[in-house]
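# Report on the structure
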Amino acid sequence: MQYDVIVIGSGPGGYVAAIRCAQLGLKTAIVEKYNTLGGTCLNVGCIPSKALLDSSEHYHNAAHTFTTHGIKLENLGIDFGQMVKRKQEVVDANTSGISYLMKKNKIDTHFGVGSFKDKNTITVKKADGTETEITGKNVIIATGSKPSALPFLKIDKKRIITSTEALNLTEVPKHLVLIGGGVIGLELGSVYARLGAKVSVIEFMDGIIPTMDKALGKELQKVLTKLGMEFYLGHKVTGATVKGKDVTVTFDTPKGESKELKGDYCLVAVGRVAYTDGLGLDKIGITVEERGRKITVNDHLETSVKGVYAIGDVIKGAMLAHKAEDEGTLVAELIAGQKPHIDYNLIPGVVYTWPEVAAVGQTEEQLKAAGVKYKTGSFPFKASGRARASGDLDGFVKVLADATTDEILGVHMIGPRAADMIAEAVVAMEYRASAEDISRMSHAHPTYTEAMREACLAATENRAIHI
Ligand code: FAD
Ligand code: NAD
């Protein structure tokens, strides 16, 4: 079987690359080692986590905020089995949607582990042990990532777990000890805190979501503390042991004292590493970076071997589904002879807690470090009519604009529907809008998006109307 393009891995990077290749008239195959398509994102990542986040948020509101809206409920309870079943139905609907898209675009799907025989030949080893060979003029590696482990801490997948197991528990933990106050920890921690678990977060850095603008982490910590989560910041985990149904996690305080926490589950969420096992990269001379095992690529996302590209979590940059998708499109268009472009500065980042956290562009810390002169405009949701009506008063929108030109350099928001609202900031920055440009555009009233306009007004000569 001969193809113009073979894509290895069917996550958001791989399947989007395959579809774009097919749209451009290239004969395309996709190889996937699991028996469903969609990769980490659809099977054990973005989609199942958001399904559980939505279900747990409904429960939390029913238990805690409905009464303020004048809604009375009796005998409220959790059917966790149904919650998990629904999550799986959402996953199944999405993954079968990808199978449909492969057929629609006439992309051949080969299930099995793909490995390089040579730079144009991929051996596909199926689950039953049989092998087939396919050849391609170009190969796109989109094999994604897997959870990082700590060298001194064994993940038994029963009591000491990764996000994959945390999405498939059969009970709500009584006490979930979380290692890592990053995106996965806080999203899945929120799910279980809302369902009644005690959640303790041990984070190595001095703030949660430490790579985002510091103001966001501070506000999010305040809100999650109200939800009942507790935080051990600047603490260093030293080990974890399992005895029966108990996990004991030991860690050092910033002063060097040793402490321990006992829970029934420990979720290790300390990042992810590129996944290249079994690909046979050494056979064709592709090397991986020592740290994070990422495949090295040039600006065209081509590896050191001509005609072999790599995209998504397996290469440098943010490990985000939409970043992988954009890279899939970019490589397909490059192979077809087009001249596509990605602005990595404008890839938004979102944390799907409630309130949601979303950001794009430069943080205040980055602007300071680069010596850029900037001005700030902020608007709190407690001053928004829409947020008052819904009762979502936590959070703010912060706009950073160039002190001289007024060009928007970064937007950082925490608040209701921030995940959707950040799109306005991306569009504005893609077109190099100034804060005043956004201030002068009509925003429907009452909407949460007015907070973006108000923050821009605040950055424009302190002209916010409602604060
Ligand atoms: P993946 O989605 O990891 O797909 C790689 C695929 O390659 C897998 O299906 C794998 O089985 C296959 N594969 C690997 N090796 C081989 C081989 N040799 N042969 C054949 N197939 C192979 N990102 C967001 O943007 N938003 C979110 O809300 C979000 N939530 C997340 C929640 C969780 C719990 C997790 C774990 C991640 C989340 N992410 C989220 C990150 C997102 O899932 C990844 O960034 C994204 O899936 C990366 O896409 P990819 O195509 O590079 O790789
Ligand atoms: P992360 O990098 O977001 O967070 C890991 C956290 O663990 C960091 O805060 C880090 O300081 C901390 N940490 C590292 N070692 C530690 C240790 N020994 N003790 C205590 N804390 C330690 O990683 P993640 O949350 O595992 O997520 C992995 C990837 O998946 C991320 O790159 C993220 O982009 C992606 N993801 C994205 C979303 C989303 O877009 N909403 C959701 C989930 C995951």
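Summary of the structure given here. Fair warning: this is a prediction, and the values are worked out from it, not measured in the lab.

### A look at the overall build of the chain
- Tallying secondary structure elements over the chain gives 14 helices and 22 strands in all.
- For the chain, the C-alpha atoms occupy an extent of roughly 65 × 60 × 50 Å along the three principal directions.
- Evaluated residue by residue, the chain yields a buried proportion of 53% over its 467 residues.
- For the chain, restricting intrachain contacts to residue pairs at least 6 apart in sequence, the fraction spanning at least 24 positions comes to 62%.
- Working note: accessible area of the chain is about 21900 Å², and carbon and sulfur atoms make up 52% of it.
- Within the chain, one finds 55 positive and 55 negative side-chain charges whose respective centroids are separated by 3 Å.

### Re the state of the cysteines
- This structure, assessed with the given rule, holds one disulfide.
- One disulfide bridge connects Cys 41 with Cys 46, the sulfur atoms lying 2.5 Å from each other. Between Cys 41 and Cys 46 the disulfide shows an S-S torsion of about -130°. By sign, it is left-handed.
- On the basis of relative accessibility, which here comes to 26%, the residue Cys 46 falls in the partly exposed class.
- Of all cysteine sulfurs in the structure, the one in Cys 41 sits closest to Cys 21, which takes part in no disulfide; the separation is 19 Å.

### Concerning the site of ligand 2
- Among the 21 residues in the neighbourhood of ligand 2, the closest are listed as Ile 184, Glu 187, Glu 203, Gly 271 and Val 350.
- Residue Glu 203 places a side-chain N or O atom 2.6 Å away from an oxygen atom belonging to ligand 2.
- Starting from 840 Å² of accessible surface for ligand 2 in isolation, the protein chains cover 77%.
- Counting only elements with at least two residues in the shell around ligand 2, the list comes to helix H6 (183-194) and strand S10 (198-203).
- When residues in the shell around ligand 2 are grouped by element, the largest group, three residues, is from H6.
- A class-by-class count of the residues in the shell around ligand 2 yields 14 nonpolar, four polar and three charged.

### Comments concerning the pairing of strand S21 (residues 396-402)
- Of all the seven residues making up S21, seven are buried; the element is thus mostly covered by neighbouring parts of the structure.
- Burial along S21 is two-sided: the residues Phe 396, Lys 398, Leu 400 and Asp 402 and Val 397, Val 399 and Ala 401 are all buried.
- The pairing of strand S20 (residues 374-380) with S21 spans seven bridges and is antiparallel. Looking at the pairing, Phe 379 lines up with Val 397 of S21.

### Things to note about the sheet that holds strand S13 (residues 246-252)
- Spatially, three strands are ordered S12-S13-S14 in an open sheet, and the strand pairing comes out antiparallel. Edge positions in the open sheet fall to strand S12 (236-243) and strand S14 (258-263), since each of these has one partner strand only. Each adjacent strand pair in this sheet contributes to an overall mean axis angle of 20°, direction not counted.
- As paired strands, S13 and S14 are joined by six bridges and run antiparallel to one another. Across the sheet, residue Val 247 finds its bridge partner in S14, namely Gly 263.

### Remarks on the side chain of Glu 187
- Summarising the element assignment, Glu 187 is placed in helix H6.
- Residue Glu 187 is classed as buried on the basis of its relative accessible area, which comes to 6%.

### Here we look at the site of ligand 1
- Not every one of the 39 residues close to ligand 1 is listed here, only the nearest: Glu 32, Thr 40, Lys 50, Gly 114 and Ala 321.
- Take Glu 32: an N or O atom from its side chain is 2.7 Å from an oxygen atom of ligand 1.
- For ligand 1, an oxygen atom lies 2.6 Å from a polar atom in the side chain of Thr 40.
- Coverage of ligand 1 by the protein amounts to 95% of the 1000 Å² it exposes when considered alone.

### Focus on the packing of aromatic side chains
- Here the structure, examined in full by the defined rule, presents three aromatic pairs.
- Both rings, one in Tyr 232 and one in Phe 251, keep their centres 5.3 Å apart while their planes meet at 65°; by these two values the pair is edge-to-face. On the criterion of sequence distance, the pair formed by Tyr 232 in strand S11 (residues 230-233) and Phe 251 in strand S13 is long-range, its members being 19 residues apart. Each member of the pair, Tyr 232 as well as Phe 251, is classed as buried.
- If you follow Arg 159 out to its NZ or CZ, it ends over the ring of Tyr 265, 4.5 Å from the centre.

Basis of the calculations
Residues numbered from 1 in each chain as written. Chains lettered and ligands numbered in written order. Predicted model: local features only at pLDDT ≥ 70, side-chain atom pairs only at ≥ 80, totals over all residues. Heavy atoms only, no water. Helix = DSSP H or I, 4+ residues; strand = E, 2+ residues; numbered from the N terminus. Buried < 20%, exposed > 50% of the residue type's maximum accessible area, 1.4 Å probe, protein only. Contact = heavy atoms within 4.5 Å. Areas by Shrake-Rupley, 256 points an atom, 1.4 Å probe, with all protein chains shown as cover. Lys, Arg positive; Asp, Glu negative; His and termini not counted. Charge placed at Lys NZ, Arg CZ, Asp CG, Glu CD. Disulfide = S-S within 2.5 Å. Near = heavy atom within 4 Å. Polar contact = N/O pair within 3.5 Å; in protein donor to acceptor, adjacent residues only side chain to side chain. Nonpolar A, V, L, I, M, F, W, Y, C, P; charged D, E, K, R; others polar. Pairing = 2+ DSSP bridges. Axes fitted to C-alpha atoms, helices over the stretch in contact; angles between N-to-C directions. Phe/Tyr/Trp six-rings, centres within 6.5 Å; stacked < 30°, edge-to-face > 60°. Lys NZ or Arg CZ within 6 Å of the ring centre and 35° of its normal.

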